[in-house]
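The primary structure of each chain is shown beneath.
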Amino acid sequence: MALVDIRNVTKSYGSTQVLKGVSLDIKEGEIVTIIGKSGSGKSTLLRCINALERIDGGEITVEGQTVRTDMPNLRDFRQRVGIVFQAFNLFPHMTVERNITLAPVLNKRIAKAEGRALALDVLERVGLADKIDAYPAQLSGGQQQRVAIARCLAMRPHLMLFDEVTSALDPELVGEVLKVMEDMARQGMTMVLVTHEMGFARNAASKIVFMHQGRVWEEGPPADLFANPRTPELQSFIASVR
Amino acid sequence: MQTLNFQQLWRYQDQLIDGTLHTLLLTLVAAVIGTAIGVAAAAAVRSGPRPVRWAIRGYVELIRNTPSLIQLFVVFFVLPGFGLRMGAFEAAAIALGLYFGAYCTEIVRAGLDAIPGSQVEAGQCLGLTRWQVFRHVVLPPALRSVYPAFTSQFVLLLLGTSLASQISAEELFHTGGFIETRTYRSFEVYAVICGIYFALVMTFKLLFAAVGRLAFRWPVRR
């Protein structure tokens, strides 16, 4: 059974239909990269998977559970499905440790020492254990994004969503974030990424999904998709990002 | 020309100390009432039901656009007609608390509005409740951004407590009036009273600066 099952999902903002019947399966351990032009509905689809947006039609299930913005166990669900944003969204008034341990301390009632150990553990995974006492403003963009990933990992999610996580970074900082994501992929984390990093999509993804005009236009393994795009839309997209 | 004579005032030092303490107490009680109103009302204006939002808007506009002295008279002279009988000090604390609360609502609301929605979203995505997001994610940076405005309003409140003398509440200005009627030394009395207000305000300003440094330690990227 697929970890995420998206069936015929539609979504509009006012009179603009952003998703026009999207269907997609994501299996456990898969790295799915969603590519496409701006406005193709990539980020909206990602936000719908995490119940940040209400869908108008169709159905999304994660681990067999139907995702709805008014689902009764939404908070538990959100802890199982982590999302990392383009703008990091770290809490500026909290140290790195507090950013990471806020939710576990409040919701899982873990002790302070246990929280610090948890923060150190996830920070080591993103190579930032020495920044545990720093504030976000004292970190570079790349470091902030790695802390945001660590904050998500501390929730022990079953699925992680990445919404253009390298788009706000200076080019020289992109590599460090991608490396962390590659490590996570190797460790078997199920990941769905919206990205413009074609190199990452080509090398790390198990499946590429090309979205166009609110639909899944083409999908398949990266080698196939990049070598033999079937539609002129994907051909022109690949040409434009080369 | 009449010479200045502060000597006579010396024997009223106990009354002056007492008046100063009452002014301090009145300020602090009104500030606590007003801050509680301000935080709760600002939160409700953002996410409460429509009738509550309208009620809060009405309260803020009414208080900010009418004289504080009349508000004080309403609480002290009109409310007893509805069975709410209270002493002058209590009436002053409530009237000034309501006055401070209206300004605080606008100040805190501005602070909350300055926090990007993406911060709220990040909190929700970590599985936090609405209250946890408000308390831990939104409120601290919001308070930091409005702290200077809040402290200025507090100073205005402290100085505004002198209005309570009009309903004979025991506070510093009322004490000044009392000493004046005994000594006929108007200039000296109000010079001393003025000096005490000035010293209180300067002390609070220093205190607020220290508290601000302690409470809002996180660095901000500019």
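Residues numbered from 1 in each chain as written. Chains lettered and ligands numbered in written order. Predicted model: local features only at pLDDT ≥ 70, side-chain atom pairs only at ≥ 80, totals over all residues.

Definition in use: UniProt positions are given in the numbering used here, feature names are shortened, and annotations may be inferred rather than shown by experiment.
Per an unreviewed UniProt entry, chain B carries the name Glutamate/aspartate import permease protein GltK and comes from Azospirillum brasilense. Note on chain B: under the UniProt heading Sequence similarities (unreviewed entry), the record states "Belongs to the binding-protein-dependent transport system permease family. HisMQ subfamily." UniProt's Subunit (unreviewed entry) comment on chain B is quoted here verbatim: "The complex is composed of two ATP-binding proteins (GltL), two transmembrane proteins (GltJ and GltK) and a solute-binding protein (GltI)."

Chain A goes by Amino acid ABC transporter ATP-binding protein (PAAT family) in an unreviewed UniProt entry, where it is assigned to Azospirillum brasilense. Of chain A, the UniProt comment under Sequence similarities (unreviewed entry) reads exactly: "Belongs to the ABC transporter superfamily." Under the heading Subcellular location (unreviewed entry), UniProt records this for chain A: "Cell membrane".

## Section: the packing of helix α1 (residues 13-47) of chain B against helix α2 (residues 50-64) of chain B
All names here are of chain B. In plain terms, the rule: Think of each axis as a best-fit line through the C-alpha atoms, taken over the contacting stretch in the case of a helix, with angles from 0 to 180 degrees between the N-to-C directions. Numbering of helices and strands runs from the N terminus, with a helix taken as a DSSP run of H or I at least four residues long and a strand as a DSSP run of E at least two residues long. Oblique is the label for every angle not falling under 35 degrees (roughly parallel), over 145 degrees (roughly antiparallel), or within 65 to 115 degrees (roughly perpendicular). In this scheme the handedness of a crossing depends on how the near helix is turned from the far one: anticlockwise by less than a right angle means left-handed, clockwise means right-handed. Here contacts are defined at the residue level, using C-beta atoms placed from the backbone and a cut-off of 7 Å between them. Here the term charged refers only to Asp, Glu, Lys and Arg, the term nonpolar to Ala, Val, Leu, Ile, Met, Phe, Trp, Tyr, Cys and Pro, and the term polar to all other amino acids, Gly among them.
Running from amino to carboxyl end, α1 crosses α2 at an angle of 135°, the nearest separation of the two axes being 8 Å. On the basis of the axis angle, α1 is oblique to α2. In the packing of α1 onto α2, the handedness of the crossing is left-handed. Across the interface between the two elements, A41, A44 and V45 of α1 pack against V52, R53 and I56 of α2. Its residues assigned to classes, the contact of α1 with α2 shows five nonpolar, no polar and one charged.

## Comments concerning the packing of helix α3 (residues 96-107) of chain A against helix α4 (residues 112-125) of chain A
Residue and element names in this part refer to chain A. Axis separation between α3 and α4 bottoms out at 9 Å; the angle between their running directions is 120°. With respect to α4, the element α3 is oriented oblique. The interaxial crossing formed by α3 with α4 has right-handed handedness. Of α4, the residues touching α3 (which contributes V96, E97, I100, T101, P104 and V105) are G115, R116, L118, A119, V122 and L123. Of the residues assigned to the contact of α3 with α4, the class counts are eight nonpolar, two polar and two charged.

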